[in-house]
Structure formats: structure tokens, C-alpha cells
Amino acid sequence: MRPSIPKGTRDFGPEEVLKRNFIFDRIREVFVRYGYQPIETPAMEDLKTLTGKYGEEGDQLLFKVLNNGDFLSKADEDALKNRDSSALVPSISKRGLRYDLTVPFARFVVMHQNDIPFPFKRYQIQPVWRADRPQKGRYQEFYQCDVDAVGSDSLALEAELAQIYDEVFTKLGLKVVVKINNRKVLAGMAEAAGIPEHFLSMTMAIDKLDKIGMDGVKKELAGRGLTEEAIEKVEQMLGIQDLSGLKGVLVDSDIGKQGVEELEQVFDYLSLGDTHNDIRFDITLARGLNYYTGCIFEVAVDTTVEGQEKVKMGSIGGGGRYADLTEVFGMKQNGSGVGISFGAERIYDVMEELKLFPEDKANTLQLLFIAFDDKSHRYAFKALQQVRAAGINAELYPDPKKRLNKQMKYADNRGVPYVVLVGDREMESGELGLKNMATGQQESLRLEQIIEQLK
RNA sequence: GUGAUUGUAGCUCAGCUGGUUAGAGCGCUGGAUUGUGAUUCCAGAGGUCGCCGGUUCGACCCCGGUCAGUCACCCCA
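Because the structure is a prediction, the values reported are computed rather than measured. (Residues numbered from 1 in each chain as written. Chains lettered and ligands numbered in written order. Predicted model: local features only at pLDDT ≥ 70, side-chain atom pairs only at ≥ 80, totals over all residues. Heavy atoms only, no water.)

Caption draft 1: Representation of the overall build of chain A in the model. From N to C terminus, chain A includes 19 helices and 16 strands. A compact globule built from 455 residues would reach a C-alpha radius of gyration of about 23 Å, whereas chain A, at 28 Å, exceeds it by more than 25%. With the C-alpha coordinates aligned to their principal axes, the bounding extent of chain A is approximately 95 × 60 × 45 Å. Across the 455 residues of chain A, 49% fall into the buried class. Contacts in chain A between residues far apart in sequence, at least 24 positions, make up 71% of those at least 6 positions apart. Split by element, the accessible area of chain A, about 23,800 Å² in all, is 48% carbon and sulfur. Averaging the locations of the 60 positively and 71 negatively charged side chains of chain A gives two centres separated by 7 Å. (Helix = DSSP H or I, 4+ residues; strand = E, 2+ residues; numbered from the N terminus. Rg over C-alpha atoms; globule rule 2.2 N^0.38 Å. Buried < 20%, exposed > 50% of the residue type's maximum accessible area, 1.4 Å probe, protein only. Contact = heavy atoms within 4.5 Å. Areas by Shrake-Rupley, 256 points an atom, 1.4 Å probe, with all protein chains shown as cover. Lys, Arg positive; Asp, Glu negative; His and termini not counted. Charge placed at Lys NZ, Arg CZ, Asp CG, Glu CD.)

Now the structure itself:
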């Protein structure tokens, strides 16, 4: 048979894994520096944990795992007869692959609420799965890197998360825009426009502003049944760039005012420290996941920065506050959480495009021993151990009977910077041939000298 | 879930309106060179033309379906 892998999934070769780890390591460093602790949760969750948390669209994108054994014997007869897939699912599948890390985390917090300190600050770097149609920057299996804090309403946490975005992307050498908004502001806008019942449609339309433009948004709002008057009000509010202006418009909406005040506080905290990226209020930021209740975040590549103009990539991170998510799992108090996520795959793609990955020599082979016969192979095997003990990444070509040019070719393919050649002459003199693969130069040195040079 | 587009050697691709034996570059194997890779020269291996079906005397080429990649939409990281 022909080998293949499921669509939307990928293999990663050594070079890619090293680069991916570079991203994960930078992210993890910052998470740890801010006091967050690691957890891991299973790839599979009970389906009931996942369904209903991501909206209707999200439910359709969940991977369901077929029950073990004779699952059809317990299948819903009617659903089966009517070919009604969505009605059939509960009777043949009780588990699904996680769709994100936030919902499993909320489940984790509630299950372990008596064992963990609050506020609980955790980070989690694991793959998630979505049954989406793959395209540019979108896969069915991809990694998310989440930081969340549960058990505190403090807006210092929102500010801290924005700082984390700032710091991670600075370490990665990527200039970004961190957009911040608040669901309460959006709710206030709906109130001010007299359309609180259209809150969700309004946010979804607004979310598309940078893609379809103001005219597109207006068309979409009209299509969703808003009056011309309401649409005009929404358009006016979308033109507001600063928080103080917004406060005046939302004066009659308590929730709207609250949202503005929260944002003011977040930016006040941020003003106490230095940041390196454009962190700004953006009234057009909406975000689709419907469990968000307060501040929301989204990160995009800053295309106004020199060298990054041509990057076309959607959001490379997002998050927000979810006050009620743990309540769904039965937690009565202390349950407000806030968190952000890094889209590692998209960050990878952007960094690849901009050539931001450094040569990471620490993780690759530094020295290769090549022996000409069994006797020198034994000699090299012994020398190898000393080299490794000195902290140099080294290996010995395992088969000395292979022709020398084969072995040299292997060295070339591995991209190893230095080769040590060992044969009769070298064993006799105790001076080994150290060859620099880049220049082709070769010199005779004692093993200790070689170690000294490569250290 | 909707639409567009592509699928030929390990990789990147060429292949005329449908006509015998499907090609190139790179890579791979062997040799020139049994103590030297990357450069040079010589030779060689490697193909169910994504898969299934149809049209035709004849299909890599045309038609239908299907699978996969890519891109856009919906949504999203």
C-alpha cells in the first residue's frame, strides 16, 4: 500500500522540530517567568465536556471518537433509519478530541478545585484538533500554547497577559499588533444602538470589518434585520478610536461604561511598564468564541513594520476573559478566568517566511568520527566517549567497512562542521585528522586539542 | 459545509488537437578515486501518469465520479 497521513496533518523532520521547539521554548520561558505552572490534559475528552462550548459551528468541527466494541448495537434506531448523523452521534460516540485548551482547562480546574491554589495560573502546550477544511495556516492538528489564570477578577492579569504577548514576540524577533477590546463595550454598543437582541450578529459582522470593509459590514447588518438607524449608530461608534470618546457615547449603558472602565484600567497597568509592540484598543475586535465575557485579545503581525509588509496571515494569537466557563462545569465561586493562546503553527509559518530562525548549533551534531577499519573503529569508539563527556555532540559512523567517500558523503549530508579521521597512521602517532568541512582544511591534532578547539 | 484549481520518477517540473518505447534537472546507486565530502567525468537503477469507471481502433491528454494537495468563502489559531 501507499503510505499516507490524514488530511490536515503533517510530519515534521528534524529541522522543523528544532525550529518548532525554538518557538515553544521561548514561549515557555516567558510563561514560567510570569509564574505560570504547566499542566497537561488528555487528547480525548468526554464529548459532553466539549459540545456546546464553541457555538454551533464549533460543534460541527469537533472530531468524534467512535465507541469501542459493537457500537452499532447501541445506536439510536430512529436516527440510524433516518440517516440523521447529528442525532446518531450521542449513541455511538462518547468521546471527542479536544478543540482547544481552554475548555479542558476549565474542566480541570473544576475537577481539581480542592487541590489547587487560587488564583490558579497555568500554562499548557499541547496539540488540538479541528475538523476544518485545511488551507493556508490552517490544519486539522495543530499546537496551541495557552496561559490562563482562574480565580481572580483583577485586571492586572489582563495587563500581564498583554505583557506576555509583548515579551514572547520580542524574543521571537517578530513585530506584532496586540488588539484589545471588551465584550462589555460591544454589548454597550448594541444597547446604545437600541439593538441588544442583535448583540451576537452585530459582533460577528464587526469582526469582518477589516476583510469586507464598512460597506460590507453595513450590508451584513441589514441582512440580519437591523434598521437603518441602528446601522448608522453602529457605524458612528466604529469610527471611535479612543476610550474617552467612547465613554461619552455609552453614557446610558451601564455595561458599556463598565467595559470602558475595565479597558482604562488595563491600559493604566500597561503604562507602568515598557512594551515593545503596538498594544492598542480596537473597537472592531470581536472574536467568535462565545464564552468570552470581558476583555478580549487578538494578535496579528504588524505589517506596517519594515520587512513584514508582505505577511498575509490571520490572527496568530487570541484570548480573553471568561467569567462563567467554570460555572458550566458546576463551580459556584472563584471561577472567573482569563487567558491567551499562541498559534504556534502560524507563528512558525510567519517566521519561516521572514527567515527569523537562528542557526541552532547547540542541538545539532558538531563532530563526526570516521574510521577506516575495525581496529581504528574501536579506537574511535573510545575517543568518542571522551568527546561526548566534554559536552560536544558527536557520533561515530557505525560501519567502518563502508568506503571512505560514502562516510564523507554522510558527513556532508548531515551538515556536520567537523570530521575526525582515524586510521593506522593516526593511531600510531596519536594525532587525529581534524577536517573542517566548510573550508576543506585538515590538520593533525591530539584528541585533547580537538576537544579544546570544539568546546 | 460551499466554490475554484492542481495531481506525471524520491524532489521540482516538461510532455503538441488523442497516436508506437512518457522525458529533463536535482537526488539516489556504481565507477574514474580500496585514506577524503561539497566541484568534474562516465555508467545505471527508478513510473499502477492519484484512484475507479466511461468515450475511442487507440487515453498521461477528453468525460463522469472519487481521493489528496493548494487557494478562497463560512469559521478560526
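Resuming the write-up.
Caption draft 2: Up close: the environment of tyrosine 54. With respect to the element layout, tyrosine 54 can be found in the loop between helix H2 (47-50) and helix H3 (55-60). As a C-alpha pair, tyrosine 54 and lysine 409 span 355 residues in sequence and 53 Å in three-dimensional space. Within the local environment of tyrosine 54, its side chain forms a polar contact with the side chain of aspartate 100, the two groups lying 2.7 Å apart. (Polar contact = N/O pair within 3.5 Å; in protein donor to acceptor, adjacent residues only side chain to side chain.)

Caption draft 3: Structural context of the packing of helix H1 (residues 14-33) against helix H15 (residues 344-353). With their axes 10 Å apart at the nearest point, H1 and H15 run at an angle of 110 degrees to one another. One finds that H1 runs roughly perpendicular with respect to H15. The chirality of how H1 crosses H15 is right-handed. Residues Glu16, Lys19, Arg20, Phe22, Ile23 and Phe24 of H1 touch H15, and the partners they reach there are Ala344, Glu345, Ile347, Tyr348, Met351 and Glu352. Across the contact of H1 with H15, the residue classes break down as seven nonpolar, no polar and five charged. (Axes fitted to C-alpha atoms, helices over the stretch in contact; angles between N-to-C directions. Parallel < 35°, antiparallel > 145°, perpendicular 65-115°, else oblique. Left-handed = near helix turned anticlockwise from the far one by under 90°. Nonpolar A, V, L, I, M, F, W, Y, C, P; charged D, E, K, R; others polar.)

Caption draft 4: Region of interest: H1. The terminal C-alpha atoms of H1 lie 28 Å apart, and with 20 residues this matches the ideal 28 Å at 1.5 Å per residue to within 8%. Of the positions making up H1, those classed as buried are Lys19, Arg20, Phe22, Ile23, Phe24, Arg26, Ile27, Val30 and Phe31. Buried residues belonging to H1 abut strand E5 (120-129), strand E6 (141-150), helix H7 (155-172), strand E11 (337-343) and H15. (Expected span 1.5 Å × (residues − 1).)

Caption draft 5: Spatial organisation of the sheet that holds E11. What the eight strands build is an open sheet, ordered E1-E5-E6-E11-E10-E9-E7-E8; its pairing is mixed. What marks the edges here is a single partner per strand, and that holds for strand E1 (37-38) and strand E8 (278-281). In this sheet, strand E9 (residues 295-301) lies alongside strand E7 (residues 176-182) in antiparallel orientation, the contact comprising seven bridges. Opposite isoleucine 180, over in E9, you have phenylalanine 297 as the bridge partner. Packing against the sheet, helix H8 (residues 183-192) makes contact with E7 and E9, and its axis sits at approximately 55 degrees to E7. (Pairing = 2+ DSSP bridges.)

Caption draft 6: Region of interest: unusual backbone geometry. Put simply, phenylalanine 118 and proline 119 share a cis peptide bond, and its omega is -5 degrees. Of note, proline 119 is situated in the loop between helix H6 (102-111) and E5. Of note, asparagine 334 is a non-glycine position whose phi angle comes to about 70 degrees, a positive value. Structurally, asparagine 334 can be placed in the loop between helix H14 (325-328) and E11. Positive phi, normally seen in glycine, also occurs at lysine 355, with a value near 55 degrees. Position of lysine 355 among the secondary structure elements: in the loop between H15 and strand E12 (367-371).

Caption draft 7: Seen up close, the packing of aromatic side chains. Across all of its chains, the model carries 15 aromatic pairs by this definition. Centre to centre, the rings of phenylalanine 22 and phenylalanine 357 are 6.2 Å apart; their planes meet at 70 degrees, and the pair counts as edge-to-face. Taken together, the residues span a long stretch of sequence, with phenylalanine 22 in helix H1 and phenylalanine 357 in the loop between H15 and E12 at a distance of 335 residues. The exposure class assigned to phenylalanine 22 is buried, which follows from its relative accessible area of 14%. One aromatic cluster is present, built from ring pairs that chain together Phe31, Tyr123, Tyr165, Phe169 and Phe342. In this structure, arginine 20 packs its charged tip against the face of phenylalanine 12, placed 3.7 Å from the ring centre. Above the plane of the ring of phenylalanine 105 lies arginine 122, whose end atom (NZ or CZ) is 4.0 Å from the centre. (Phe/Tyr/Trp six-rings, centres within 6.5 Å; stacked < 30°, edge-to-face > 60°. Lys NZ or Arg CZ within 6 Å of the ring centre and 35° of its normal.)

Caption draft 8: Representation of a positive patch on the surface in the model. Judged by side-chain charge, Lys402, Arg403, Lys406 and Lys409 come together as a positively charged surface patch. By the element assignment, lysine 406 lies in helix H17 (residues 404-414). Lysine 406 sits in the partly exposed class, given a relative accessible area of 42%. (Patch = residues over 30% accessible without salt bridge, like charges linked within 9 Å, V, L, I, M, F, W, Y side chains within 5 Å. Salt bridge = Lys/Arg side-chain N within 4 Å of Asp/Glu carboxyl O.)

Caption draft 9: Seen up close, the sheet that holds E12. Across the sheet, which stays open at both edges, the five strands sit in the order E13-E12-E14-E15-E16 with mixed pairing between neighbours. Of all strands in the sheet, those with a lone pairing partner are strand E13 (394-396) and strand E16 (442-445), marking the two edges. In this sheet, adjacent strand axes meet at a mean angle of 25 degrees when their direction is disregarded. Pairing analysis gives five bridges linking E12 to strand E14 (residues 418-422), with the strands arranged parallel. Each residue of the ladder has a partner; that of leucine 367, found in E14, is tyrosine 418. Lying on the sheet, helix H16 (residues 374-389) is in contact with E12, E13, E14 and strand E15 (432-436); it crosses E13 at an angle near 170 degrees.

Caption draft 10: Fine view of the side chain of threonine 326. Residue position: threonine 326 is located in helix H14. We classify threonine 326 as buried; its relative accessible area is 1%. When neighbours within four sequence positions are excluded, threonine 326 is seen to be in contact with Ala106, Val109, Val110, Met331 and Gly335.

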